[in-house]
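Report on the structure
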Amino acid sequence: MRKAALTVVIFLALLAAPLVVRTFQYYRPLADAPPTPPAYTGADIAAVPTPAAGEFEDAPAISRTASATATGIVILDQAHGNQFTREELATLDGLLAARGLELRPLTEGELAGALPPAAALVVIAPVRGYAAADAQAVRDFVARGGRVLLVGDPTRYNVEFDETDIFALPVIETAQVPLNDLANAFDITFRGDYLYNTVANEGNFRNILLDESGLGEGALTDGLAQLALYSSHSLQLGPTAAPLLSADEDTWSSATDRPGGLTLAALSPAESDAGQVLAVGDVHFLLEPYNTVYDNGAFAARVADFLAGGATDGGLAGFPYFLDSPVELTYSEDPDLGPDAFDDVIALQAAFRDAGLSLALADEPAGDRDTLTLGLYNRADDVADLLDAAGIDLTITPAVPANTGATPPANAVRLVKSPLGDVAMAGTALILLAEEGQRQQVVVLAASGDGLESAVARLRGAAGGTGADLSGCLLQDNLALCPTGISDEPVEYELVTSGPADAPPAQPDDDDEPDRPENGQQPAGEPVDQGEIELGETKSAELADDEAHAWTFAGGPATIDITVDADTDLDAVVELYNPNGTLMANTDSAFAGGVEELRGIEIPDDGAYRIVVRDFFNDGGNYELAVAAGEPAQDDEPQTGGNRVFIFADDDGEPLTDGFTSAARLGELLAGAYEVTTWSAADDGPLSESALQGIDVFIWESGDYRDEAGPPAAELGIILAYVDAGGDLLISGLSPAVLGAVETAPLGAARIATNDPVLSEGFSDGQPLEFDQSYPVAVPADADAGASDYVFLTRGPNEDEAGAVVGGGEVAANDQRTIFLLAPLAGLSEANSAQLLNNIMAWLRS
Amino acid sequence: MDEHDDPTYSPLRTALTVLLIILVPLVIGVFLANRLLPRPQIGVVRLSYDIGSLSTYEIAEQLRVARENPAIQAVVVIINSPGGSAAFSEELFLDVLDTRRELPVVASIDLVAASGAYYMAAAANEIYAKPTSAVGSVGVIASLPGDVFIEEDLLTTGPYKAFGGTRDGYVRQIERAKLAFLDAVQVGRGDRLTIDPQTLSRAEVYTGVQAMEFGLIDGLASSEAALRRAAELAGLRDFETVELYPLTFDTDFIPLAEVRYQPQPIDEARLWAAPTNLAPGLYYRYVEPSAGR
């Protein structure tokens, strides 16, 4: 029995042995059990509450509507890739509006042109750099009292892709560097970092909480308890800037990965409440919904107050924003206004509308309204008082002749003398702001109508109400001297504005109408040939869009009138080309629906002349073209000759006094404008025929030399031949040889007779002209014709033979002109001699 | 009577009897031991690439198999992942934690266990990495919703029915998700964690060496060492390694043995590639910077 039991035990032991062995082979029975897994419920995660909205009621500290000097404009830079939308700034817009400010975007152009009329400038997150001129303009703006808000934001950046390398990483362009173009001048530098706080923040590490300890002193932060900036750059400050918002010691900069000492907003200059430049590293406090958190809204309102506190006096550069509506537009000395003037008026009105002002043309200014006066230097009497008050003197000697084509004499003086210095009138426009109490008067003067147009274009400035464009002008306070860009600009006698209109009248309520290009829009292709048109024929046709018509006229030689009667939707432009394709004449003097006429066109031959008809706006329309016989055009233009002057110093006679001629004075006065040849009888011998070849004006100047026998026959023959050929002649001297043994009488003073406007230009009727001494001067037998048409100088009332002619002119049948001047030109004052000679030359060549 | 005198005594018979008595139980014992005590196994689970719905499902199933298979005594999770969707990361965290209650789980980080991948690893008994493995990025990334609006022809019963919530609300959700992440790491690592939550919330990616200093991992070790450590935790002297994927999902339908399941090598370009067109939502994911300054 025991044996069996033992056997069973052994059997079982042996049976279990493999299991035991395997167990010890695989496991460590005595190994420690792994620790109990932790319990996880996730129930203790702290809430991240939304902060309560701050209690804020906007109470503007400043209202610009009550300010007489403020323009109320805040320029919002959007011309430098600024990373925001206008919609985002609705809150700021509203805050500024509540303070009487208008947020005006600058979408293109330079700050320099936009800042003068503004009270403040707002620059938010630009990614394109600023030119040195922009930075200087901002410095100047601040120096004038303007305020600047510079706002960066590390979340506002531009991503640039390298199109030449598709594998290149895109590059992030932040606003930091462009902002520093402007900020560095004020000892403020935006760092290219972002701030973070992982200990105490507003819902996220990048949302920086600021309590009272982080708020600087001053109007911007007084009374505020807590702000939250939702991502911010830090600012590095120089000695003239002071921190306004500072982060706590748990706030870190991503740039240094160091905590503490970080500034989020700063003012420059540093003096309390004297800051004019506010730099903030975060834009969110201005945006919804971040402006509702804590005191962010109140801070945004303080910033708006800060901007409203800008008080700039941009002077003339602020045109037209310093004007109050309604502004009256006048022309000095009330010229007749034509289409050219209307173009300027219409354009100015549009520019004024952009600036929120009204401009009305006024014959008689009300006297108590702001005015804009346009005119020429030569017609500036209406604004003489304003010019005098500004220390400006317009010097025009000799007087400008009525015939505008005349070339001024070499000694002509046309100067604008101003506190900015003396400048030539030609090529320069003057813009003056004269302030009289609350009334502002702007005077714009130029040498010519074209110059005035150039100046008006500057006043119109860029589109969008950015104010006048005085770039390139010599500008100081209320005075600007601007180049007109017109080469050889004449100083015109009077304003002529009768040229073809450049543009149809602007619709007052339609600011969106595109500007009319100077010559309209050219069709893309060649004009479509419409066949021939004969003299006396009328053709009807319809222009399609973007099409021009070409008609052939081969009925010459003839004098023709070309008429195009356009439908109301067609603003016709008519051009006439000769067979060589050269433009002979063109017209676009009427608006849509008007009649265009080319009258008195001389067609010299029977060649194929092309009449091209097109629509100014390229929109097409119906028209009738007529070619009729016309009258030769009256040539109203003054005849202008050449510029070769021959001065014959007839100095080989007997001197009546010391022996002199005025040849040298004549030569000096004429040298600049004429090609002068001087011949001395004593030095050069008898006058030769060849010497007068190609001469335009012959001056026979005998000074005080007298030849009672008269001129030598040969010499006289040469001169008469010249005269017979139509040559103009000036005979001057105390007793010219041509008069022979004529009686003389002492002459110390003559006086002006204004029978002819050209010969008396620059002088008043009866104005005495005194000589440097009394001279024995010839008194011709018929010298009492003082009231004749061309007498311009007579003996003075206290002289012997008072009233006798001293200077006069004659016009021959062939329009040959001769002037007698029985007086020594060199004996007159420099100004009078210059003016007198200028008048004589102008008359001779008219 | 002497047995030798027993006429029935046969030495041969006696020898056979003894042999029978010894061999039979031994043979049976060996047979039974093979049946009753198979060689213990350590299951290997691989988390590769993004954490998404598919990867989460596959890993969760493998962990379930590990828990239900008595032969599997421990699990090693080999990680090469930058993380992914927040909720799926949390699912893996909870699955690992559940598994850990039944058998040891060791995480072995190869190249990267960032963000959601580390979230999952934090639930393991122990975490091992290589000296330069990328570890950490404890944080949340998400896009904020856009501006709200209403439409004439789309009627909803609440102002945010069509948008899910406010931007501000979303900010709070994200921040709270971050706090949950930090809490999970704290729970998983316990006292071993030496880095403070504020520093950890910077969401930096650390090297394995740094991670060990901060207590984010338990050591620097190879995957083989991690297997041995798992065996140690499971009290195993001897074990075999099994891939849980083919054990979980039938791959035998593939007739050719040479193409049967084998772990795929990690495509590093894919691993580090920044995601494109991420769907709205919260992510525990490390994203390689895609732009430079």
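Thresholds, definitions, all that
- Residues numbered from 1 in each chain as written.
- Chains lettered and ligands numbered in written order.
- Predicted model: local features only at pLDDT ≥ 70, side-chain atom pairs only at ≥ 80, totals over all residues.
- Heavy atoms only, no water.
- Helix = DSSP H or I, 4+ residues; strand = E, 2+ residues; numbered from the N terminus.
- Rg over C-alpha atoms; globule rule 2.2 N^0.38 Å.
- Buried < 20%, exposed > 50% of the residue type's maximum accessible area, 1.4 Å probe, protein only.
- Areas by Shrake-Rupley, 256 points an atom, 1.4 Å probe, with all protein chains shown as cover.
- Lys, Arg positive; Asp, Glu negative; His and termini not counted.
- Charge placed at Lys NZ, Arg CZ, Asp CG, Glu CD.
- Contact = heavy atoms within 4.5 Å.
- Salt bridge = Lys/Arg side-chain N within 4 Å of Asp/Glu carboxyl O.
- Polar contact = N/O pair within 3.5 Å; in protein donor to acceptor, adjacent residues only side chain to side chain.
- Nonpolar A, V, L, I, M, F, W, Y, C, P; charged D, E, K, R; others polar.
- pLDDT = per-residue confidence, 0-100.
- Axes fitted to C-alpha atoms, helices over the stretch in contact; angles between N-to-C directions.
- Parallel < 35°, antiparallel > 145°, perpendicular 65-115°, else oblique.
- Left-handed = near helix turned anticlockwise from the far one by under 90°.
- Patch = residues over 30% accessible without salt bridge, like charges linked within 9 Å, V, L, I, M, F, W, Y side chains within 5 Å.
- Domains from an automatic or database assignment.
- Core = buried A, V, L, I, M, F, W, Y, C linked by side-chain atoms within 4.5 Å.
- Pairing = 2+ DSSP bridges.

This part takes up the overall build of chain B. Each helix and strand counted, chain B has 10 helices and 11 strands in total. For chain B, whose C-alpha radius of gyration is 27 Å, the value lies well above the compact-globule estimate of 19 Å for 293 residues. Referenced to the eigenvectors of the C-alpha coordinate spread, the extents of chain B come out at roughly 115 × 50 × 35 Å. Across the 293 residues of chain B, 44% fall into the buried class. With the model as given, the accessible surface of chain B reaches about 14800 Å², and the carbon-plus-sulfur share is 56%. Positive and negative charge centroids in chain B, built from 24 and 38 side chains respectively, lie 4 Å apart.

Turning to the overall build of chain A, a few remarks are in order. Scanning chain A from terminus to terminus reveals 13 helices and 46 strands. For chain A, the C-alpha radius of gyration of 43 Å lies well beyond 28 Å, the compact-globule estimate for 846 residues. Over its C-alpha atoms, taken along the principal directions, chain A stretches across nearly 190 × 70 × 55 Å. Looking at chain A as a whole, 51% of its 846 residues are labelled buried. If you take every contact in chain A between residues at least 6 apart in sequence, the share linking residues at least 24 apart comes to 74%. Accessible surface computed for chain A: about 37100 Å², of which carbon and sulfur atoms make up 48%. Computed over 37 positive and 137 negative side-chain charges, the separation of the two mean positions in chain A equals 16 Å.

Moving on: the interface of chain A and chain B. The partner chain B presents 48 residues to the 47 residues of chain A that form the contact. Counting across the chain A and chain B interface gives 2 salt bridges. With its nearest N and O atoms 2.6 Å apart, the salt bridge here joins Arg202(B) to Asp257(A). Here chain A and chain B share 16 residue pairs in polar contact (both at pLDDT 80 or more) between them. Of all the elements in the fold, those that place two or more residues in the side of chain A that touches chain B are helix H1 (2-26) and strand S6 (171-174) of chain A. Taken together, the residues that form the side of chain A that touches chain B break down as 31 nonpolar, 11 polar and 5 charged.

In this section: the confidence of the model for chain A. When pLDDT is averaged along chain A, the result is 82; 90% of the residues meet or exceed 70. In this model residues 500-519 of chain A is a low-confidence stretch, pLDDT under 50, and it forms 39 contacts with partners more than four residues away in sequence or in other chains.

Residue and element names in this part refer to chain A. For the pair helix H7 (residues 339-354) and helix H9 (residues 449-460), the least separation of the axes is 9 Å and the interaxial angle reads 15°. On the basis of the axis angle, H7 is roughly parallel to H9. With respect to the hand of their crossing, H7 and H9 are arranged in left-handed fashion. Contacts between H7 and H9 involve Asp344, Ala347, Leu348 and Ala351 from the former and Glu453, Val456, Leu459 and Arg460 from the latter.

Take the side chain of Asp153(A) next. Residue and element names in this part refer to chain A. Of note, aspartate 153 is situated in the loop between strand S4 (147-151) and strand S5 (157-160). Despite its burial, aspartate 153 pairs with no opposite charge, the nearest such side chain being arginine 156 at 4.8 Å. A polar atom in the side chain of aspartate 153 sits 3.3 Å from the side chain of serine 231. In terms of polar contacts, aspartate 153 uses its side chain to reach the side chain of histidine 284, at 3.0 Å. Once residues within four sequence positions are removed from consideration, aspartate 153 is found in contact with Ser231, His233, Gly281, Asp282, Val283 and His284.

All names here are of chain A. A contiguous patch of negative charge, built from Glu542, Asp545, Asp546, Asp565, Asp567, Asp569, Asp619 and Glu624, is present on the exposed surface. By the secondary structure assignment, aspartate 619 is in the loop between strand S34 (609-615) and strand S35 (621-629). Residue classification places aspartate 619 among the partly exposed positions, given a relative accessible area of 49%.

Let's shift gears to the domain arrangement of chain A. Split into domains, chain A comes out as domain 1 (64-188 + 234-246 + 263-313), domain 2 (316-483), domain 3 (528-629) and domain 4 (644-844). Here the C-alpha centroids of domain 1 of chain A and domain 3 of chain A sit 57 Å apart.

Now for the nonpolar core. Residue and element names in this part refer to chain A. Counting 63 residues, the largest nonpolar core has Leu150 and Leu372 as the members making the most contacts within it. Of all the elements, helix H4 (residues 132-143) adds the most residues to this core, at 5 residues. Shared between two domains, this core takes at least three residues from each, and those domains are domain 1 (64-188 + 234-246 + 263-313) and domain 2 (316-483). Sequence-distant contacts of leucine 150, defined by excluding residues within four places in its chain, comprise Val123, Leu179, Leu182, Ala183, Phe190, Val277, Leu278, Ala279 and Val280. Core analysis: the next-biggest nonpolar cluster, separate from the first, contains 50 residues, Leu89, Leu278, Leu307 and Ala308 among them.

With that out of the way, let us pick up the pattern of salt bridges. All names here are of chain A. Evaluation of the coordinates by the stated rule reveals 29 salt bridges over all chains. Between arginine 369 and glutamate 328 there is a salt bridge whose closest N-O contact spans 3.3 Å. Remark: glutamate 328 occurs in strand S17 (residues 327-331) and arginine 369 occurs in the loop between strand S18 (359-361) and strand S19 (371-376); sequence separation between them is 41 residues. Taking relative accessible area as the criterion, arginine 369 reaches 37% and is therefore assigned partly exposed. The network of salt bridges with shared partners includes Asp58, Arg99 and Asp305.

Residue and element names in this part refer to chain A. Read from one edge of the open sheet, 3 strands run S20-S21-S22, paired in antiparallel fashion. Two strands in the sheet have a free side with no partner beyond their single neighbour: strand S20 (393-397) and strand S22 (421-424). Strand after strand, the sheet turns through a mean of 20° between neighbouring axes, direction not considered. Taken together, the 5 bridges between S20 and strand S21 (residues 413-418) define a ladder with antiparallel strand orientation. When the sheet's bridge partners are listed, threonine 395 is paired in S21 with leucine 415.

This paragraph deals with unusual backbone geometry. Residue and element names in this part refer to chain A. Residue serine 268 is joined to proline 269 through a cis peptide bond whose omega torsion reads 0°. Considering the arrangement of structural elements, one finds proline 269 in the loop between strand S15 (263-268) and strand S16 (277-280). Note that the residue after glutamate 288, namely proline 289, is joined by a cis bond; omega there is 0°. Within the fold, proline 289 resides in the loop between S16 and helix H6 (296-308).

All names here are of chain A. For arginine 795, the location among the structural elements is in strand S44 (residues 793-795). Glutamate 799 is the oppositely charged side chain nearest to the buried, salt-bridge-free arginine 795, at an N-O distance of 4.8 Å. At 2.8 Å, the side chain of arginine 795 and the backbone oxygen of alanine 745 are in polar contact. Of the polar contacts made by the side chain of arginine 795, one reaches the backbone oxygen of valine 777; its length is 3.0 Å.

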